[in-house]
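# Examining the three-dimensional arrangement
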Amino acid sequence: MAGRSVLLPAIHSGLASQDPGGDHVIFVAHGPWDLPLLERLKDLRRQASTISVWMPEVWPTDLADQRLLYESYALIDHLFVGIEEAVEPFKAIAPQLNVRCVPLATDVVVFGAREVDAERGIDIVGVGRRQQAQHEAILEWVDRNDKLYLYDTVAGSAVERLEHRQNLANWYRHAKIAVCNYAKHDLPNLVGGLRVIPGRLYEGLAAGSILVGLAPSEVAQRRVLGIPVVESTEQCSVTAVLDKFSDQDSTRPWRIRNAAMAARGHDWSHRWRVILSDIGVPEPAGLTARIDALARRADVLEALQ
C-alpha cells in the first residue's frame, strides 16, 4: 500500500497493508468467515480505492453454507483464492466479485537448490500430513537399504518459526526424494474428492528434489505447472518408486527441471505480480528485481540440461 508507514488497527494478523490513507488494501484471510473483520475497520471503504481479499486455502466445501450469501462482499473489489475449484462457487455466491485463482508458492530463494549437483545426504524427507501405509513402506525400505529418512516425529507448533523454516529448507535442499501427497489427503470431507496441489510441492520443487507420493490430479498439475511432476506411489509399490529414483546421478534431469521450474514461476513474488497486476498497482522495483534474478537462475539451471 502506498503512503505513510502507519499500521492499520491490529485486529487481524492477515492484513497485508500499511497505510489507511493509501489506495489499495490486501487482506489475507483464512476463509470467508473472516470477512466481518473488514467491517470493523469503519472508514476503510471510504479511504481505500480498492479492497482485495486473498484466501489461499478456501475449499469448495467451505462455501456450501447458505449463510455465506449474507457476508459483506460489497466491501470487496477483488477476491483471490488458492484452489481453482473454489472460483465458480464464489462467483455463484457473489456474482459482482472479480474472482481469480492464485495458487500457493514458496520462497525459492530460501528453498532453492544452491548447487543442484551437490551430493545429497538425505535419501528421503517427509513433512506434514502422513499416510500411514506409505510411511511404513518407506520405513521398511530405508531399513532394508540403510538409507536416511527424515520426517516429523512430534506434533504441535514450531518454537521458532524462522528457524523452523530454515531447517526445513535445509532438509529439502539435501534430500534426493521428497514425499508429496495431495493437499489435506487425510480430510476427505473437506477436500470433497479433489486432489489439490499442496504447498509442500513447491518447496520440494525449488529444492530440486524428486517428488513422490499420493499425487495431486494430473489436471491440477498441468494447469499450474504445465506437466505432472509428482511420481505416483499408487500405480506401483512405494518401494519400487523409491528404488527407481534413489540414485542421485540418474535423476539429475528431473532435479534440474524441478529447480528451474520453481525459479521460473513458483516463487511468492510471481503470485504477487499477478495480484498487483489485477488490482492495478504498479509493480515495485524490488519485486521486479527478484523475479528477474530468479529468471536468471532458471536460465543457468536449464543450460545444465
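As shown above, the structure is provided for reference.
Everything in this summary refers to the structure shown in the same document. Note that the structure is a prediction, hence the values are computed from the model and not measured. (Residues numbered from 1 in each chain as written. Predicted model: local features only at pLDDT ≥ 70, side-chain atom pairs only at ≥ 80, totals over all residues. Heavy atoms only, no water.)

### A closer look at the packing of aromatic side chains
Each aromatic ring pair is summarised here by two numbers: the centre-to-centre distance and the angle between the ring planes. All chains considered together, the criterion is met by six aromatic pairs. Here tryptophan 54 and tryptophan 272 contribute two aromatic rings whose centre-to-centre distance is 5.0 Å and whose plane-to-plane angle is 90°, an arrangement assigned as edge-to-face. In this pair, tryptophan 54 sits in strand E2 (residues 50-55) while tryptophan 272 sits in helix H12 (residues 268-279), placing the two residues 218 residues apart along the sequence. Its relative accessible area of 4% is what places tryptophan 54 among the buried residues. Ring geometry for tyrosine 149 against tyrosine 151: centres 4.5 Å apart, planes inclined by 40°, an arrangement best described as tilted. A relative accessible area of 11% means that tyrosine 149 is categorised as buried. With relative accessibility at 25%, the residue tyrosine 151 sits in the partly exposed group. An aromatic cluster is present here, built from Trp54, Trp268 and Trp272 joined pairwise through their rings. Taking NZ or CZ as reference, arginine 271 lies 5.7 Å from the ring centre of tyrosine 202, over its face. (Phe/Tyr/Trp six-rings, centres within 6.5 Å; stacked < 30°, edge-to-face > 60°. Helix = DSSP H or I, 4+ residues; strand = E, 2+ residues; numbered from the N terminus. Buried < 20%, exposed > 50% of the residue type's maximum accessible area, 1.4 Å probe, protein only. Lys NZ or Arg CZ within 6 Å of the ring centre and 35° of its normal.)

### Some words on the side chain of asparagine 181
Tracing the chain through its elements places asparagine 181 in the loop between strand E7 (175-179) and helix H7 (188-191). A relative accessible area of 9% places asparagine 181 in the buried class. One polar contact links the side chain of asparagine 181 to the main-chain amide nitrogen of leucine 214, over a distance of 2.7 Å. Excluding residues within four positions of it along the chain, asparagine 181 makes contact with Arg129, Gln131, Gln134, Pro198, Gly213 and Leu214. (Polar contact = N/O pair within 3.5 Å; in protein donor to acceptor, adjacent residues only side chain to side chain. Contact = heavy atoms within 4.5 Å.)

### Side note on the pattern of salt bridges
According to the stated counting rule, one finds 19 salt bridges in the structure shown. The residue arginine 264 makes a salt bridge to glutamate 302 at a minimum N-O spacing of 2.7 Å. With arginine 264 in helix H11 (residues 252-265) and glutamate 302 in helix H13 (residues 285-303), the pair connects residues that are 38 residues apart, well separated along the chain. Overlapping salt bridges bring together Asp107, Asp267 and Arg290 as one network. (Salt bridge = Lys/Arg side-chain N within 4 Å of Asp/Glu carboxyl O.)

### Concerning the side chain of aspartate 123
Positionally, aspartate 123 belongs in strand E5 (residues 122-126). For aspartate 123, the side chain forms a polar contact with the main-chain nitrogen of leucine 148, separated by 2.7 Å. At 3.3 Å, the side chain of aspartate 123 and the side chain of lysine 176 are in polar contact.

### A closer look at the sheet that holds E7
Ordered in space as E6-E5-E7-E8-E9, the five strands form an open sheet in which the pairing is parallel. With partners counted over all chains shown, the strands left at the sheet margins are strand E6 (149-151) and strand E9 (230-232), one partner each. Across the sheet, the axes of successive neighbouring strands diverge by a mean angle of 30°, strand direction being ignored. Alignment of E7 against strand E8 (residues 210-213), held across three bridges, turns out to be parallel. Note that in E8 the partner of alanine 178 across the bridge is leucine 211. Taken strand by strand, helix H5 (residues 132-145) contacts E5, E6, E7 and E8, and its axis lies near 150° from that of E6. (Pairing = 2+ DSSP bridges. Axes fitted to C-alpha atoms, helices over the stretch in contact; angles between N-to-C directions.)

### Thoughts on H13
Taking 1.5 Å per residue as the helical rise, H13 with its 19 residues ought to reach 27 Å, and the 27 Å between its terminal C-alpha atoms agrees with that figure. Among the structural elements, helix H4 (108-111), H11 and H12 are those in contact with the buried residues of H13. (Expected span 1.5 Å × (residues − 1).)

### As for the nonpolar core
Among the nonpolar cores identified, the biggest contains 29 residues, and Tyr172, Leu201, Leu205, Leu211, Leu225, Val229 and Val230 are the most heavily contacted of them. Among the secondary structure elements, those contributing two or more residues to this core are H4, E5, helix H6 (161-173), E7, helix H8 (199-207), helix H9 (218-225), H11 and H13. Per element, the largest residue contribution to this core is five residues, and it comes from H8. In this structure, Ile76, Val81, Ala86 and Val87 belong to the second largest nonpolar core, which totals 28 residues. (Core = buried A, V, L, I, M, F, W, Y, C linked by side-chain atoms within 4.5 Å.)

### With respect to the pairing of E5
The buried count for E5 comes to five of five residues, which makes it a mostly enclosed element. Here E5 pairs with E7 via three bridges, running parallel. Within the sheet, the bridge partner assigned to isoleucine 122 lies in E7 and is alanine 175. As defined by bridge partners, E5 adjoins E6 across three bridges and the pair is classed as parallel. Bridging across to E6, isoleucine 124 finds its partner in tyrosine 149. Between E5 and its parallel partner E6, the chain crosses via H5, and the hand of that crossover is right-handed. (Right-handed = clockwise from strand over helix to strand, strands pointing away.)

### Examining the packing of H11 against H13
Direction vectors running N to C along H11 and H13 enclose 160°, while the axes themselves pass 8 Å from each other. The orientation of H11 relative to H13 falls into the category roughly antiparallel. In the packing of H11 onto H13, the handedness of the crossing is left-handed. Of the residues in H13, those touching H11 at Ile256, Ala259, Ala260, Ala263 and Arg264 are Leu294, Ala295, Arg297, Ala298, Asp299, Leu301 and Glu302. Of the residues contributing to the contact of H11 with H13, the split by class is eight nonpolar, no polar and four charged. (Parallel < 35°, antiparallel > 145°, perpendicular 65-115°, else oblique. Left-handed = near helix turned anticlockwise from the far one by under 90°. Nonpolar A, V, L, I, M, F, W, Y, C, P; charged D, E, K, R; others polar.)

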